[in-house]
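The primary structure of each chain is shown beneath.
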Amino acid sequence: MTQDKNINKIGIPADLAKPARRALLGAGYVQLEQLANVSEAEILQLHGMGPKALEQLRRALATKGLSFASRA
């Protein structure tokens, strides 16, 4: 199994900005798969998370056949 060099071992995009990475870790998101349980709006509320980081996470989730949760 080969690993995409743009994704680290826990699935977070390697080129994700440090503030966004700290925001995820600070909120307790240590595995990419955990993000499938929260909405994009919830992630955007994290300090340090912006539209570019959200798009990177969206693409990383898609490579695993996942997506952010939809909230009504």
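Everything quoted here is computed from the prediction, not taken from an experiment.

Caption draft 1: Focus on the confidence of the model for the protein chain. Looking at the protein chain, pLDDT values average 86 and 83% of them are 70 or higher. At the low end of the mean pLDDT range in the protein chain sits helix α1 (residues 18-26), at 94; at the high end sits helix α2 (residues 40-44), at 96.

Caption draft 2: Spotlight on the side chain of serine 39. Counting through the fold element by element, serine 39 comes out in the loop between α1 and α2. Under the relative-accessibility criterion, serine 39 is labelled buried at 7%. In this structure, serine 39 is in contact with Phe68, Ala69 and Arg71, ignoring residues within four places of it in sequence.

Caption draft 3: Quick look at the nonpolar core. Grouped together as the largest cluster of nonpolar side chains are 17 residues, with contacts concentrated most on Leu24, Leu35, Ile43, Met49 and Leu57. Taken together, the elements giving at least two residues each to this core come down to α1 and α3 (51-63). With five residues, the top contributor of residues to this core is α3. Residues within four places of methionine 49 in sequence aside, it is in contact with Ala20, Ala23, Leu24, Ile43, Leu44, Leu54 and Leu57.

Caption draft 4: Up close: α3. Between its terminal C-alpha atoms α3 stretches 19 Å, which fits the 18 Å expected from 13 residues at 1.5 Å a residue. Where α3 is concerned, the buried positions are Ala53, Leu54, Gln56, Leu57, Ala60 and Leu61. The arc enclosing the buried residues of α3, seen along the axis, measures out at 160°, which places them on a common side. Residues of α3 that are exposed and angled more than 90 degrees away from the buried face: Pro51, Lys52 and Thr63. Next to the buried residues of α3 lie α1 and α2. Glycine 65, located one to two residues past α3, shows a positive phi value of around 75°.

Caption draft 5: Expanded view of the pattern of salt bridges. Scanning the entire structure with this criterion turns up four salt bridges. The salt bridge involving arginine 59 is made with glutamate 55; its shortest N-O contact spans 3.6 Å. Of this pair, arginine 59 and glutamate 55 both sit in helix α3, separated by four residues, roughly a single helical turn. The exposure class of arginine 59 is partly exposed, given its relative accessible area of 46%. Through salt bridges with shared partners, a single network forms among Glu40, Glu55, Arg58 and Arg59.

Each value, and the rule that gives it
- Residues numbered from 1 in each chain as written.
- Predicted model: local features only at pLDDT ≥ 70, side-chain atom pairs only at ≥ 80, totals over all residues.
- Heavy atoms only, no water.
- pLDDT = per-residue confidence, 0-100.
- Helix = DSSP H or I, 4+ residues; strand = E, 2+ residues; numbered from the N terminus.
- Buried < 20%, exposed > 50% of the residue type's maximum accessible area, 1.4 Å probe, protein only.
- Contact = heavy atoms within 4.5 Å.
- Core = buried A, V, L, I, M, F, W, Y, C linked by side-chain atoms within 4.5 Å.
- Expected span 1.5 Å × (residues − 1).
- Arc of directions from axis to C-beta.
- Salt bridge = Lys/Arg side-chain N within 4 Å of Asp/Glu carboxyl O.

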